[in-house]
Amino acid sequence: MSVVTEVAAASNQEAIAHFADSLRFETDCWDTHHAMSEGKADFVLLDVRSPESYAKGHVPGAINLLRGKIIASKLASYPADTLFVTYCAGPHCNGATKAAIRLAQLGRPVKIMIGGITGWLDEGFSLTTEVTELA
């Protein structure tokens, strides 16, 4: 028996519920890119890295907003049901998670773009230095 099989896998029904549920909390770089490139971005993409990192290159269309600056007044121009998608540097960074918690505390729908900039680049997508402002 290996350390992989030491703990039994979940039942099929449990696995379906678990993995389906995870999609309510996250999206990936490919789906984000596809929606944005098809003009179907029905969400606001937030880059929660430092302004310096954002300036060096970010996902096209992303708005730079640090977690500490995510406050109700900054989001007031967006309808209450606007979905926000957060990302940071990559899987080694929890900034997107912290920002998602903050957005949820403000009553905003939120998902994380798993992989962040690292995942975006791994998919072969390009970055931009063009600034996108809050609405």
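Residues numbered from 1 in each chain as written. Predicted model: local features only at pLDDT ≥ 70, side-chain atom pairs only at ≥ 80, totals over all residues. Heavy atoms only, no water.

Undergrad: Just to check I follow, could you spell out the layout of surface pockets for this structure?
TA: Empty space left among the atoms is revealed by rolling a probe the size of a water molecule over them. There is about 190 Å³ of room inside the largest pocket. As for the largest pocket, its lining consists of 13 residues, of which E26, T27, D28, D31 and K111 are closest to the centre. Listing elements by their share of the lining of the largest pocket, those giving two or more residues are β1 (26-28), α2 (29-37) and β5 (110-114). In the lining of the largest pocket, the residues fall into six nonpolar, two polar and five charged. (1 Å grid on protein atoms, 1.4 Å probe; cavity = no way out; pocket = protein on both sides within 12 Å on 5 of 7 lines; lining within 4 Å. Points joined across faces, edges and corners; volume = space filled by probe spheres on them. Helix = DSSP H or I, 4+ residues; strand = E, 2+ residues; numbered from the N terminus. Nonpolar A, V, L, I, M, F, W, Y, C, P; charged D, E, K, R; others polar.)

Undergrad: Where do I start with the side chain of H58 in this structure?
TA: With respect to the helices and strands, H58 occurs in the loop between α3 (51-56) and β3 (63-64). For H58, the side chain forms a polar contact with the main-chain oxygen of Y54, separated by 2.8 Å. Residues contacting H58, with those up to four places away along its chain left out, are D47, R49, Y87, I117, L127, T128, T129 and E130. (Polar contact = N/O pair within 3.5 Å; in protein donor to acceptor, adjacent residues only side chain to side chain. Contact = heavy atoms within 4.5 Å.)

Undergrad: What exactly am I supposed to notice about the side chain of D47 here?
TA: Position of D47 among the secondary structure elements: in strand β2 (residues 44-47). Beyond its immediate stretch of four places on either side in the chain, D47 contacts Y54, H58, A62, I63, N64, L65 and Y87.

Undergrad: Would you mind showing me how to read the pattern of salt bridges here?
TA: Once the charged atoms of two side chains with opposite charge are near each other, the side chains can pair. Counting across every chain of the model gives two salt bridges. We note a salt bridge from R24 to D21, for which the minimum N-O separation is 2.6 Å. Classification of D21 as partly exposed rests on a relative accessible area of 32%. For R49, the salt bridge goes to D47, with nearest N and O atoms at 2.8 Å. Across the pair, D47 and R49 agree in class, each one buried. (Salt bridge = Lys/Arg side-chain N within 4 Å of Asp/Glu carboxyl O. Buried < 20%, exposed > 50% of the residue type's maximum accessible area, 1.4 Å probe, protein only.)

Undergrad: It is not clear to me how helix α5 (residues 95-105) should be interpreted in this structure. Could you clarify?
TA: For an α-helix, the turn length of 3.6 residues means that residues three or four places apart are oriented alike. Among the residues making up α5, those that are buried are G95, A96, A99, A100 and L103. Take α5 and look down its axis: the buried residues cluster within an arc of 135°, on one side only. Check the buried side of α5 and you find it contacts β2, α4 (72-75), β4 (84-87) and β5. G107 lies just past α5 and shows a positive phi near 80°. (Arc of directions from axis to C-beta.)

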